[in-house]
Amino acid sequence: MTRKGDTFNSRAFCCKRQFVKTMENLAKKIDSAQSKDFPALRHSTVSKNFSDRDEQINERKLVCESDSLKLAHAIRLSQGTFETEICCGPESDLHKEYDNCKKDPSHKGFKPFNSFSFYDIPERYRLPIIYDVIRDLAQLTVRIMCTFSSSERPEKMKGEAYPSYKESEGKQCVRYGTGRIFNIINFTEKDDKPCPCSLCKASGQSTFAWCLVEVITARHVVFNDHEARATKCRWGYDSDDCCDITFEGLSSKVSDRIEDDWCKLKCVTHVTALGKLRTFIESFNTKSRELYLQCRSIKQIHKLTVIVSHPHGCPKQISIGYWRQRHHVGGVDTKYTYSSSTCNGSSGAAVYILGRDGKLGLFHQIHSGCKTENGKLNNHSCGVVG
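Residues numbered from 1 in each chain as written. Predicted model: local features only at pLDDT ≥ 70, side-chain atom pairs only at ≥ 80, totals over all residues. Heavy atoms only, no water.

A. Quick peek at the overall build of the chain. Looking only at helices and strands, the chain has 7 helices and 16 strands in total. For the chain, restricting intrachain contacts to residue pairs at least 6 apart in sequence, the fraction spanning at least 24 positions comes to 69%. On the chain, roughly 20700 Å² of surface is accessible, and the fraction owed to carbon and sulfur atoms is 53%. (Helix = DSSP H or I, 4+ residues; strand = E, 2+ residues; numbered from the N terminus. Contact = heavy atoms within 4.5 Å. Areas by Shrake-Rupley, 256 points an atom, 1.4 Å probe, with all protein chains shown as cover.)

B. Spatial organisation of helix 7 (residues 275–295). Helix length check: helix 7 (21 residues) gives 30 Å between terminal C-alpha atoms against 30 Å at 1.5 Å per residue, within 8%. Those residues of helix 7 that sit buried are Leu 277, Phe 280, Ile 281, Ser 283, Phe 284, Ser 288, Leu 291, Tyr 292 and Cys 295. Contacts from the buried residues of helix 7 go to helix 4 (128–139), strand 6 (174–187), strand 8 (231–235), strand 9 (245–254) and strand 14 (350–353). (Expected span 1.5 Å × (residues − 1). Buried < 20%, exposed > 50% of the residue type's maximum accessible area, 1.4 Å probe, protein only.)

C. How the structure looks around the nonpolar core. Membership of the largest hydrophobic core comes to 45 residues, with the highest contact counts inside it found for Ile 130, Ile 181 and Val 215. For Ile 181, the residues in contact, after removing those within four places along its chain, are Leu 140, Val 142, Val 213, Glu 214, Val 215, Trp 235, Phe 247, Leu 277 and Ile 281. (Core = buried A, V, L, I, M, F, W, Y, C linked by side-chain atoms within 4.5 Å.)

D. Up close: the packing of aromatic side chains. Overall, the coordinates contain 8 aromatic pairs when judged by the stated rule. Pairing Tyr 162 with Phe 223 gives two aromatic rings, centres 6.3 Å apart and planes at 65 degrees, and the pair type is edge-to-face. Residue Tyr 162 is located in the loop between strand 5 (160–161) and strand 6, and its partner Phe 223 is located in the loop between strand 7 (210–217) and helix 6 (225–228); the two are separated by 61 residues in the primary sequence. A single burial state applies to Tyr 162 and to Phe 223, both of which are buried. Three or more aromatic residues link up through ring pairs in this structure, and these residues are Phe 116, Phe 118, Tyr 119 and Tyr 131. In this structure, Arg 219 is placed above the aromatic ring of Phe 223, and the distance from its NZ or CZ to the ring centre is 4.1 Å. In this arrangement the basic side chain of Lys 316 is found over the ring face of Phe 113, its NZ or CZ atom lying 4.9 Å from the centre. (Phe/Tyr/Trp six-rings, centres within 6.5 Å; stacked < 30°, edge-to-face > 60°. Lys NZ or Arg CZ within 6 Å of the ring centre and 35° of its normal.)

E. Molecular detail of the confidence of the model for the chain. Overall, the predicted model of the chain reaches an average pLDDT of 84, with 80% of residues at or above 70. pLDDT under 50 marks residues 34–44. Its contacts with residues more than four places away, or in other chains, come to 4 contacts. Across residues 59–63 the pLDDT falls below 50, and counting only partners more than four positions away or on other chains, this stretch makes 0 contacts in the model. (pLDDT = per-residue confidence, 0-100.)

F. Representation of the pattern of salt bridges in the model. All chains considered together, the criterion is met by 15 salt bridges. Between Glu 97 and Arg 76 there is a salt bridge, with the nearest N and O atoms lying 3.2 Å from each other. Residue Glu 97 is found in helix 3 (residues 93–99), and its partner Arg 76 is found in helix 2 (residues 43–78); the two are separated by 21 residues along the sequence. For Glu 97, a relative accessible area of 13% translates into the label buried. Arg 234 is paired through a salt bridge with Glu 91; the nearest N and O atoms lie 3.8 Å apart. Note that Arg 234 is positioned in strand 8 and Glu 91 in the loop between strand 1 (85–87) and helix 3, a separation of 143 residues in sequence. Residue Arg 234 is classed as buried on the basis of its relative accessible area of 17%. (Salt bridge = Lys/Arg side-chain N within 4 Å of Asp/Glu carboxyl O.)

Following this line, the structure appears as structure tokens:
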């Protein structure tokens, strides 16, 4: 016979056990909810997951960067002796190419434009007019960027490799070189000539206030009109934090013979306040002409050679050296070799030669590339400077 007190105790025990179980389940639910609502409670697990993901992203990024640098290197090797710079990744790759340069690792022969001074000129040639000509030439120098390679480019020129850039087909590769502004033309509403840039054409509303900017460079940098329309010229790129202006390529006039290697590029911009640029053009033409008249009778003695370029597509730099040999290559065309420093990206740069450059109406020498002759590196140009 069960007593009344025993039944009560049994029921109380069952209720207590059920209460404990209920509380345990509730505690589990609270822990689960807290872990969802408060990520800090599962920090170690989340941190590990994020760390693993970041490592995977970084690994993929390094592989992509490595692949882009390798592709650019392969294309660069295929261009023979020419010195355009190739970039198949972000523009930051250009600085890596600069730092890893094999031709001139320290770039001792270059002087950044912003820090170039009168005393960087060899003592024999430290004249105010020579300094002014160099500064004016630098102010007229632009970086050229082309995103297209024409199928009309040959693979060989006189039995030697010519930059066809066929390896870049289907890939986002950009080619960099250098050029010099030699003329600007302003158009206003009075001229009734609409701007022919791509933006105006796309909008259907052309502005009548614009500028035509003419640049001379090498033909192996910009080969024809198709490439000209895929070209941009960056003027005033003197440092990474500078204020510069970009001109859009429009058309080109190129040398009949590929080996003559010149291209007159027509560009367009909506920036019309280019009075300073016009002043630099006039100053360079006047002072280089004056130096030409002073030095032409003794030009065999003076071999000073100046190049302003954008090595590796990076900010503007000046290199000073001396010409070594002069070759007559037919007609009025000549070719010089010189010691002035150049690197990939210097292709198309103006080569100023004291006593031989400044005769109005003639193209100056244009940097073309670098050859090894008799165990010595010789940078060389093409042009009609006597």
